[in-house]
Each structure stands twice: as C-alpha cells, then as structure tokens.
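Observations on the three-dimensional arrangement
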Amino acid sequence: MLDRRKTVKRLLADRGDALIIAGLGSPTYDVAAAGDDERNFYLWGAMGGAAMMGLGLALARPERRVLVVTGDGEMLMGLGALATIAVKRPPNLAVVVIDNGAFGETGMQPSHTAQGANLAAIARGCGIAASFEVEDEAALGQLAVTLRERRETIFANVRVAATDHPRVLPLKDGVALKQRFRRALGIA
Amino acid sequence: MSEAAGDWPDRIFAALKRGQVATVGYVPDAGHARLISLCRTDDAIQDVILTTEEEGVALAAGAWLGGARAALLMQSSGVGNCINMLTLTRNCRFPLLMLVTMRGEWEEFNPWQVPMGTTAEAVLKLAGVAVHRADDAETAADTVAAALDHAFNAESAVAVLIGQRLIGAKRW
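Keep in mind that what you see is a predicted model, and the values were worked out from it rather than measured. (Residues numbered from 1 in each chain as written. Chains lettered and ligands numbered in written order. Predicted model: local features only at pLDDT ≥ 70, side-chain atom pairs only at ≥ 80, totals over all residues.)

Comments concerning the overall build of chain A
Scanning chain A for helices and strands turns up eight helices and eight strands. In terms of C-alpha radius of gyration, chain A reaches 15 Å, essentially the compact-globule figure of 16 Å for 188 residues. Principal axes of the C-alpha set define a box for chain A whose edges measure 45 × 35 × 30 Å. Expressed as a percentage of contacts within chain A between residues at least 6 apart in sequence, the contacts between residues at least 24 apart total 73%. (Helix = DSSP H or I, 4+ residues; strand = E, 2+ residues; numbered from the N terminus. Rg over C-alpha atoms; globule rule 2.2 N^0.38 Å. Contact = placed C-beta atoms within 7 Å.)

Dropping the structure here:
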C-alpha cells in the first residue's frame, strides 16, 4: 500500500506556484514534513472546512493552482462541500484526500471509508467529473501529472496504509499563518 | 413602510458592491431572496450556494487568504450550524461579514424557528462575533456598510441581524 508521507512528498515535489490548504491532523503533518512553505496554510482545527477554504481561495486567485490536502475523516465531516464545489467547478482547484480509512488523531478508529464509503464516487456523483481513486504507484504518478497539467476541478482519493509516522508540527499560530500566506501572495 | 423603503435589499446590495465584496456564499432564504437574486445576476460576484452555513465561514476565510472579500447570507437557524467553524475565524482573525435574516422573533407561525431565533444573537457573541441589529428599512443598508468596514478594515467577525419585523411574516 502507498505510504502517506511519500505520497504527499511526491505530489508536492513539483508543486510549482501552487497554494496549499492542509486539513487538520495527519495531512497537516504530511504537508509540513514535505517541507514548510509560506504558501502552505495548515489547519489545526475547523474540521470539515479544508475543501471550502480551498474553494474560497481558488475563486479569489483564478490564476493560481490551489491544492487541498486533507484526510478521509476531515472530508467526511464536510461532504456537502463536494456538492458546493461541483456547482462552481473552478478549473484551478484540486482536492486530494489522503485516505487511511481511520481517525488517526483519536486512536485509529476505522472510518466510513474503511467500511464502504467511496469518496471518489461521491465526488463524481456530486458532479466533479475528474474524480479518481488512487491505490498504487502507477496511479499516483498519473495523478501527479494530472495535477500539473489538467485545468479543471480535480478530486482524488488516495488510499494509503494506516501507519503511524512521527508528527511534524508546523506553525500553529493562525494569525501568523494567515499573514505569511497573504504576504507570499503580495497582499498587504 | 414607504414604497421606497421596500428596496432595502437593493441598498444592501449596493453597499456590498461599494465595499468590493467579490464572493457571496448563501443558503437560500426567503428573507434574502431579493439580495440573492441580485448577487446571482452580477457577473463580478462569485455567488456560491452552500449546503450548510458553516461551509460559508470556511469559504470566506479562503477568499481572504487570496485577498478577496466575501459575505455570507443565512437565516437565524443557520447560525447554529456555524459554531465550530467560527473557531477558524477567531483563531486566525479572519474578517467575516454575516447577514442573518431573523425568524422566530416577530409574528412567527412555526415554533421550530423560535429556538435559534431567540438565541442567535447570544450564540454569535459567545463565538466572538460582533452583532448589529437592522430593524429599520431606512438604516439597514447603512448598518451593513458600517459592519462591512468593521469586518474588513479591522479583520473582525461581524454579523448584522435583519429583524423579522423588517422582513415581514412568511405567508402560510
């Protein structure tokens, strides 16, 4: 099975000028482990809000690729966001769920995706046509190309092993995260 | 109410335009119907229909990260849906402009609207949102304009509660 750290590192390796929103818990640590960057906004809470933050950012900055990296539990808490995003379909927005089928922060309780829920099918059903299920290296490589080259709303659910990694803790001061992100975009 | 005063949603819309609001998130509501319609037909506004109000809180935060101003339209029942997401606003000191049409406070027919109608203001204040009331057609747009300046210039969360007496009772 795919390893979450290597998966995120690979997807971010050629991020170009992409802006990143990381969902709380392991995805935030994964994005930080791939290398801190002032164009990363790490969530430490607000569960269920990552994809919608990505939508707001993508609509505000149509010239930039916006990548949301979040977990299955975080996405499940805000499933309606997929329907909302599908209505707007900004071509510069991608949502990638790192799906370990478990709630990692709270004791690895099996999540809904380990028990039948298919997030890529849900995203497709909401109207996001470019929705993919990724389970191996070949599909991951294809996803990296898709993220770089395709200009349409993309959803990908990447199944990864439910393994524990050492936590890599980025900045958690929300005001500081906001200010450095906006500065990086040249906003006062 | 004078006939001219009935155009308060149009004047609120003008205040949003003057305030450079570029994104408007909303959950459909009869009291906001006119304002929603104006936003939907304005090419310069990204109108975003939400499945639940908390989505709009995160939407507005993302907009501000990208340098854009967002407003959020909802009914008082939707305030309850926003609570945990308002921690995003508070922790990061994101600006937030919420325009809330009130139910359950004046000539209400449906008792299910009363609990949030009577607690929305206190709930918002507890969550760190400044609250203004707009109960008068003549001053509603000025109140929104003042709230907008407060929200975006001081990076604050501000709600304007638009009274049910102003909106008028729903006809059953």
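Observations concerning the sheet that holds strand β2 (residues 40-42) of chain A
Residues and elements named next belong to chain A. The sheet built from six strands is open, its strands ordered β2-β1-β3-β4-β8-β7 with parallel pairing. Each end of this open sheet is capped by a strand with a single partner; those strands are β2 and β7 (130-134). Each neighbouring strand pair of the sheet contributes to a mean axis angle of 15°, computed without reference to strand direction. With five bridges joining them, β7 and strand β8 (residues 154-159) adopt parallel strand pairing. Residue pairing in the sheet places E133 in a bridge with N157 of β8. (Pairing = 2+ DSSP bridges. Axes fitted to C-alpha atoms, helices over the stretch in contact; angles between N-to-C directions.)

Focus: the interface of chain B and chain A
Each partner contributes residues to the interface: chain B has 27 residues there, and chain A has 29 residues. The element contributing the most residues to the side of chain B that touches chain A is helix α3 (residues 53-65) of chain B, with nine residues. Looking at side-chain class alone, the side of chain B that touches chain A contains 15 nonpolar, nine polar and three charged residues. (Nonpolar A, V, L, I, M, F, W, Y, C, P; charged D, E, K, R; others polar.)

Observations concerning the pairing of strand β3 (residues 69-75) of chain B
All names here are of chain B. Burial runs high along β3: seven of the seven residues are buried. Alternating positions in β3 separate into two faces, R69, A71, L73 and Q75 on one and A70, L72 and M74 on the other, with burial throughout. Alignment of strand β1 (residues 21-26) against β3, held across five bridges, turns out to be parallel. Residue pairing across strands places V24 opposite A71, the latter belonging to β3. As paired strands, β3 and strand β4 (residues 96-101) are joined by five bridges and run parallel to one another. (Buried ≥ 20, exposed ≤ 12 C-beta atoms within 10 Å, placed from the backbone.)

Structural notes on the sheet that holds β1(B)
Residue and element names in this part refer to chain B. What the six strands build is an open sheet, ordered β2-β1-β3-β4-β6-β5; its pairing is parallel. Two strands bound the open sheet, and with one partner strand each, they are β2 (46-49) and β5 (130-134). On average, adjacent strands in this sheet sit at an angle of 20° to one another, irrespective of strand direction. Sheet analysis places β5 next to strand β6 (residues 157-162), joined by five bridges and oriented parallel. Its bridge partner being in β6, A134 is matched across the sheet by I162.

Examining unusual backbone geometry
Of note in the backbone geometry, A:M108 takes a positive phi value of approximately 60° without being a glycine. Counting through the fold element by element, A:M108 comes out in the loop between β5 (102-103) and β6 (109-110). On the basis of neighbour count, A:M108 is assigned to the partly exposed category, with 14 C-beta atoms found within 10 Å. Its identity is not glycine, yet B:Q20 carries a phi of approximately 60°, on the positive side. Along the polypeptide, B:Q20 turns up in the loop between α1 (8-18) and β1.

Observations regarding the environment of A:A22
All names here are of chain A. By the element assignment, A22 lies in strand β1 (residues 19-22). In the structure, A22 is positioned 47 residues away from V69 in sequence and 4.9 Å away in space, judged by C-alpha atoms. In this structure, A22 is in contact with P27, T28, V31, N40, F41, Y42, L43 and V69, ignoring residues within four places of it in sequence.

Remarks on the pairing of β4(B)
Judged by how many residues are buried, β4(B) sits mostly within the fold: six of six residues are covered. Because side chains alternate across β4(B), one face comprises the buried residues B:L96, B:M98 and B:V100, and the other comprises B:L97, B:L99 and B:T101, equally buried.

Digging into the confidence of the model for chain B
Averaged over every residue, the pLDDT of chain B is 94; the share at 70 or more is 95%. In the predicted assembly, ipTM is 0.98 and pTM is 0.97. (pLDDT = per-residue confidence, 0-100.)

Regarding the environment of A:I20
Looking at the element boundaries, A:I20 is found in strand β1. Among all residues touching A:I20, those that are not within four sequence positions of it are A:V31, A:R39, A:N40, A:F41, A:L67 and A:V69.

Quick word on α3(B)
Residues and elements named next belong to chain B. For α3, which comprises 13 residues, the first-to-last C-alpha distance of 19 Å matches the rise-based estimate of 18 Å (1.5 Å per residue) to within 8%. Burial within α3 is extensive, with 13 of its 13 residues counted as buried. Where α3 terminates, the next one or two residues include G67, which has phi positive at roughly 90°. (Expected span 1.5 Å × (residues − 1).)

What to know about the nonpolar core
Of all hydrophobic cores here, the largest spans 114 residues; its most connected members are A:V96 and B:V100. Ranked by residues supplied to this core, first place goes to helix α3 (residues 50-60) of chain A with nine residues. For A:V96, the residues in contact, after removing those within four places along its chain, are A:L11, A:L67, A:V68, A:V69, A:A156 and A:V158. (Core = buried A, V, L, I, M, F, W, Y, C linked by C-beta atoms within 7 Å.)

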